[in-house]
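Chain residues, written in single-letter form:
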Amino acid sequence: MAVSIAILKESHAGEARVAASPDTVKKWTASGLSVIIETGAGVRASITDEAFAAAGAIVAKTAAEALKTADILLKVRGPSASEIAGLRAGIIVVALLDAYREKANMEALAAMGATAYAMEFVPRITRAQVMDALSSQANLAGYRAVIEAAEAFGKAFPMMMTAAGTVAPAKVFVMGVGVAGLQAIATARRLGAVVSATDVRPATKEQVESLGAKFLAVEDEEFKNAQTAGGYAKEMSVEYKTKQAALTSSHIAKQDIVITTALIPGRAAPILVTKEQVASMKPGSVLIDLAAPQGGNVEGCKADEVVDVNGVKIIGPSNIVARIATDASALYAKNLQAFVGLLVDKDGNLVADSEDEILTAARVTQGGAVVHPSLKGA
Ligand code: NAD
C-alpha cells in the first residue's frame, strides 16, 4: 500500500503555518504517496482545502480521520500531549519539535512507539541545506523583524529631501548576524536605513560589510575563537560581555531601531541590551527581540507584549514567522519534502532503519525510547 502522509491543522495558539503546500502535495502524490490533510489546515496561511484537493490531497474532516491510516505525520510544531495520545504506534513524526524544551512530549512520543525527527536537529551540511528549516524560517523572521520595526516606528526609514524639509534616515543596529540578522540588515538597507551590526563570530564581519553595513565588535582573542566547528556561537565569558556592553552602550543610545537575534543552541539567549541601555534610547525608538522565545536578548522584554519604557518600545514576538505564514509554510513544506525523500525510497516504500547521517542526527525517539544523544537520560 502507498505510504500515507498526514498533515494536521496546527493546534498551537498563534501558529498560522502549515506543513504542506499545494506544490509539495502535488510532488508527493505524483510519486505515488497519498496525502491526507485535516480540513482548514492551510487556511491561516491562505491555502484553501480546495487548493490542497486540486493538488491531489484527500481532505479529512477531523485530525483523527487524517491520522487513521497515516505512516508519516508532518507538522510545524511538535504534537501536543493530547495529539500524541491519538497517534498510532509506529508512526513517523517530523516537526520542529523544540526537543530541548519539550522533554515530556519527547518521552510521550517514545512511549507511543513513534519515531520522531526534529527538523531543528537537521545538521548544517551541504546535502541537508534544502532541509534546513531553521534557515528557511530565520531568513523570513529577519525580514519580518524590520517590517514590524517600521510599523511600530513613528518615523521613516529612508532619507527624504522634500520642499517641506529633510527626513533623516533611520539608524538600525542588528545584534547577532546569523541567517535572521543578515536578512534584517539587507531589508533595513533596502528601506534606506543607516545600518550597523555586531556578532561574536569573526566570519560575520565581512558578511556585514558586504551588505553595506558597519561592523562593530570587541575583536579580542576570545572573539577570534568564538565560532564552533558547527558554525555556531559559543557562550561568551562575563569579561567579554562586559567589554561588549561598554562598546555598544554609546552606539545603542544613538539608534532608532535595535533588532536582536543572538542565540546559542540549547541555552538561554544571552542578554545583549541592558535596562540601562534601553533607558538611554530616545523616545520613539523600537527594539525587536527575535530571541524572545529563548528568554530574550533585551532586558525587560516580554514575549508577545509591547513593553513601553519611557516611550521606547520593546517588542518580542514569540512566533514572528506566523506573520508571514504563506511564504514560511511554502519554504518549510519544501524542507519537509526533501526530508521525506530520506524516509521513502524511489519505489514509494518506507526506508527501514536508515543510517543516513541526516536521519540519525535528527532522530529523537525510536523503538520506545528517546535516542538523541543530547536528550538521552536528561
Ligand atoms: P543562531 O540563530 O544560532 O544565532 C544568531 C546569531 O547570534 C549568530 O550569528 C551568533 O553568532 C550570534 N550570537 C550569539 N551570541 C552572541 C553575542 N553574545 N553577541 C552577539 N551575537 C551573538 O545562528 P544561525 O542563524 O543559526 O547561524 C549560525 C551559523 O550557521 C552561521 O554561521 C550561519 O551562516 C551558519 N549556517 C550554515 C548553514 C549551512 O551550511 N547549511 C545554514 C545556515 C546557517
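Preceding this paragraph is the structure being described.
Notes on the structure follow.

Moving on, we come to a positive patch on the surface. Taken together, the side chains of Lys155, Lys171, Lys214 and Lys254 make up a positively charged region of the molecular surface. Position of Lys214 relative to the elements: it lies in strand 11 (residues 214-215).

With that settled, the discussion passes to the pattern of salt bridges. Summed over all chains, the structure comprises 19 salt bridges. Here Lys205 makes a salt bridge to Glu219, at a shortest N to O gap of 3.2 Å. Highlighted residues: Lys205 in helix 8 (residues 203-210) and Glu219 in the loop between strand 11 and helix 9 (221-224), separated in sequence by 14 residues. The class of Lys205 is partly exposed, set by a relative accessible area of 29%. Among the ionic contacts, a cluster of salt bridges with common partners joins Glu10, Lys75 and Glu83.

Attention now goes to the site of the ligand. Within the structure, the ligand sits among 20 residues, and Arg124, Ser135, Val179, Asp199 and Arg201 are positioned closest to it. At 3.4 Å, a backbone N or O of Leu263 approaches an oxygen atom of the ligand. Bound to the protein, the ligand loses 85% of the 840 Å² it would expose on its own. Residue composition of the shell around the ligand, grouped by class: nine nonpolar, seven polar and four charged.

What follows covers the packing of helix 1 (residues 22-30) against helix 12 (residues 325-343). Close contact between helix 1 and helix 12 brings their axes to 9 Å; oriented N to C, the two are set at 20 degrees. Between helix 1 and helix 12, the angle is such that the two are roughly parallel. Considering the relative orientation of helix 1 and helix 12, their crossing is right-handed. Note on element contacts: helix 12 touches helix 1 through Ala333, Lys334, Leu336, Gln337 and Val340, opposite Asp23, Thr24, Lys27 and Trp28. Taken together, the residues of the contact of helix 1 with helix 12 break down into four nonpolar, two polar and three charged.

Tracing the backbone through its elements, the reader meets Gly192 in the loop between helix 7 (179-190) and strand 10 (194-198). Given the relative accessible area of 29%, Gly192 is considered partly exposed. Between the C-alpha atoms of Gly192 and Thr69, which are 123 residues apart in sequence, the distance is 53 Å. Apart from the residues within four sequence positions on either side, Gly192 is in contact with Phe157, Pro158, Met159 and Pro169.

On to the packing of aromatic side chains, then. Overall, the coordinates contain four aromatic pairs when judged by the stated rule. Their ring planes at 80 degrees and their centres at 6.2 Å tell us that Phe153 and Phe157 sit as a pair that is edge-to-face. Across the pair, exposure class does not vary: Phe153 and Phe157 are buried alike.

Our focus in this paragraph is the pairing of strand 15 (residues 312-315). With three bridges connecting them, strand 13 (residues 286-289) and strand 15 associate as parallel partners. Counted as the bridge partner of Leu287 is Ile314 from strand 15. With four bridges joining them, strand 14 (residues 306-309) and strand 15 adopt antiparallel strand pairing. Bridged to Asp308 within strand 15 is Lys313. Between strand 14 and the antiparallel strand that follows it, strand 15, lie two residues; Asn310 among them carries a positive phi value of about 50 degrees.

What follows covers the sheet that holds strand 14. One open sheet accounts for seven strands, arranged 11-10-9-12-13-15-14; its pairing is mixed. Sheet topology places strand 11 and strand 14 at the edges, where each strand pairs with a single neighbour. Sheet contacts for helix 10 (residues 238-253): strand 9 (171-175), strand 10 and strand 12 (257-260); angle to strand 9, the most-contacted strand, approximately 160 degrees.

For Thr39, the location among the structural elements is in the loop between strand 2 (34-38) and helix 2 (49-54). Residues Thr39 and Ala60, spaced 21 residues apart in sequence, show a C-alpha to C-alpha distance of 5.7 Å. Here Thr39 is in contact with Lys9, Asp49, Val59, Ala60 and Lys61, once residues within four sequence places are set aside.

Let us now look at the environment of Phe223. Topologically, Phe223 is positioned in helix 9. Using a relative accessible area of 3% as the deciding quantity, one classes Phe223 as buried. Separated by 123 residues in the primary sequence, Phe223 and Lys346 have C-alpha atoms spaced 46 Å apart. Among all residues touching Phe223, those that are not within four sequence positions of it are Asp199, Val200, Arg201, Pro202, Phe215, Ala217, Val218, Met236 and Tyr240.

Glancing now at the packing of helix 6 (residues 133-152) against helix 12. Across the interface, helix 6 lies against helix 12 with an axial gap of 9 Å and an inter-helix angle of 165 degrees. If you check the angle between helix 6 and helix 12, you find them roughly antiparallel. Between helix 6 and helix 12 the crossing geometry is right-handed. On helix 12, the residues touching Ala133, Ser136, Gln137 and Leu140 of helix 6 are Asp327, Ala328, Leu331, Tyr332 and Asn335. The residue makeup of the contact of helix 6 with helix 12, split by class, is five nonpolar, three polar and one charged.

Parameters and conventions
- Residues numbered from 1 in each chain as written.
- Predicted model: local features only at pLDDT ≥ 70, side-chain atom pairs only at ≥ 80, totals over all residues.
- Heavy atoms only, no water.
- Patch = residues over 30% accessible without salt bridge, like charges linked within 9 Å, V, L, I, M, F, W, Y side chains within 5 Å.
- Areas by Shrake-Rupley, 256 points an atom, 1.4 Å probe, with all protein chains shown as cover.
- Salt bridge = Lys/Arg side-chain N within 4 Å of Asp/Glu carboxyl O.
- Lys, Arg positive; Asp, Glu negative; His and termini not counted.
- Charge placed at Lys NZ, Arg CZ, Asp CG, Glu CD.
- Helix = DSSP H or I, 4+ residues; strand = E, 2+ residues; numbered from the N terminus.
- Buried < 20%, exposed > 50% of the residue type's maximum accessible area, 1.4 Å probe, protein only.
- Near = heavy atom within 4 Å.
- Polar contact = N/O pair within 3.5 Å; in protein donor to acceptor, adjacent residues only side chain to side chain.
- Nonpolar A, V, L, I, M, F, W, Y, C, P; charged D, E, K, R; others polar.
- Axes fitted to C-alpha atoms, helices over the stretch in contact; angles between N-to-C directions.
- Parallel < 35°, antiparallel > 145°, perpendicular 65-115°, else oblique.
- Left-handed = near helix turned anticlockwise from the far one by under 90°.
- Contact = heavy atoms within 4.5 Å.
- Phe/Tyr/Trp six-rings, centres within 6.5 Å; stacked < 30°, edge-to-face > 60°.
- Pairing = 2+ DSSP bridges.

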